[in-house]
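Architecture at a glance
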Amino acid sequence: MTVPLPDAKTRWRCTLCGNLTRFDVTRSSKVVEYVHLDLAGEPKVEEREVVSETIESVRCRWCNAVDQVELVDRPGAGS
């Protein structure tokens, strides 16, 4: 099941327990990174571009339900 990402007007809500704030998100990302290695060989990512990203699952931290989230309006988002 693909879980939709919240936006500026929506947020996630667990349909089983009502949680609005704590979720474990498993995602796959394809990124391009510019990595700079110092003279000792220590890498540091200086630039990161997300080419694509998919949320694979969302687990509620309160009740451990997997993929039981829905999008609801954020307070004050105004329709």
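What counts and what doesn't
- Residues numbered from 1 in each chain as written.
- Predicted model: local features only at pLDDT ≥ 70, side-chain atom pairs only at ≥ 80, totals over all residues.
- Heavy atoms only, no water.
- Helix = DSSP H or I, 4+ residues; strand = E, 2+ residues; numbered from the N terminus.
- Rg over C-alpha atoms; globule rule 2.2 N^0.38 Å.
- Buried < 20%, exposed > 50% of the residue type's maximum accessible area, 1.4 Å probe, protein only.
- Areas by Shrake-Rupley, 256 points an atom, 1.4 Å probe, with all protein chains shown as cover.
- Lys, Arg positive; Asp, Glu negative; His and termini not counted.
- Charge placed at Lys NZ, Arg CZ, Asp CG, Glu CD.
- Contact = heavy atoms within 4.5 Å.
- Patch = residues over 30% accessible without salt bridge, like charges linked within 9 Å, V, L, I, M, F, W, Y side chains within 5 Å.
- Salt bridge = Lys/Arg side-chain N within 4 Å of Asp/Glu carboxyl O.
- Core = buried A, V, L, I, M, F, W, Y, C linked by side-chain atoms within 4.5 Å.

- The name recorded for the protein chain in an unreviewed UniProt entry is LSD1 subclass zinc finger protein, from Streptomyces sp. R35.

1. Some words on the overall build of the protein chain
- Of the regular secondary structure elements, the protein chain holds zero helices and four strands.
- Traced from its N-terminal end to its C-terminal end, the protein chain shows the element sequence β-β-β-β.
- On C-alpha atoms alone, the protein chain measures out to a radius of gyration of 17 Å, which is more than a quarter above the 12 Å that the 2.2 N^0.38 rule sets for 79 residues.
- Expressed as a percentage of its 79 residues, the buried residues of the protein chain come to 18%.
- Accessible area for the protein chain stands at about 6,000 Å²; split by element, carbon and sulfur atoms hold 48% of it.
- Taking the average location of the 11 positive side-chain charges in the protein chain and that of its 13 negative ones, the two points are 9 Å from each other.

2. What to know about the environment of cysteine 60
- Looking at the element boundaries, cysteine 60 is found in strand β3 (residues 43–60).
- Residue classification places cysteine 60 among the buried residues on the basis of a relative accessible area of 1%.
- Measuring from C-alpha to C-alpha, the distance between cysteine 60 and arginine 48 comes to 28 Å, with 12 residues separating the pair along the chain.
- With residues up to four places along the chain from it excluded, the contact list for cysteine 60 reads Cys14, Cys17, Asn19, Arg22, Phe23 and Ala65.

3. Details of a nonpolar patch on the surface
- On the surface, a nonpolar cluster with roughly 240 Å² of combined accessible area is contributed by Val35, Leu37 and Val45.
- Its location among the elements puts valine 45 in strand β3.

4. Remarks on the nonpolar core
- Listed in full, the nine residues of the largest apolar core are Val3, Trp12, Cys14, Phe23, Ile55, Val58, Cys60, Ala65 and Val69.
- Mapped onto this core, the elements with two or more residues apiece are β1 (10–14) and β3.
- Ignoring sequence-local partners within four residues, the contact set of valine 69 consists of Val3, Trp12, Arg13, Cys14, Thr15, Phe23 and Val58.

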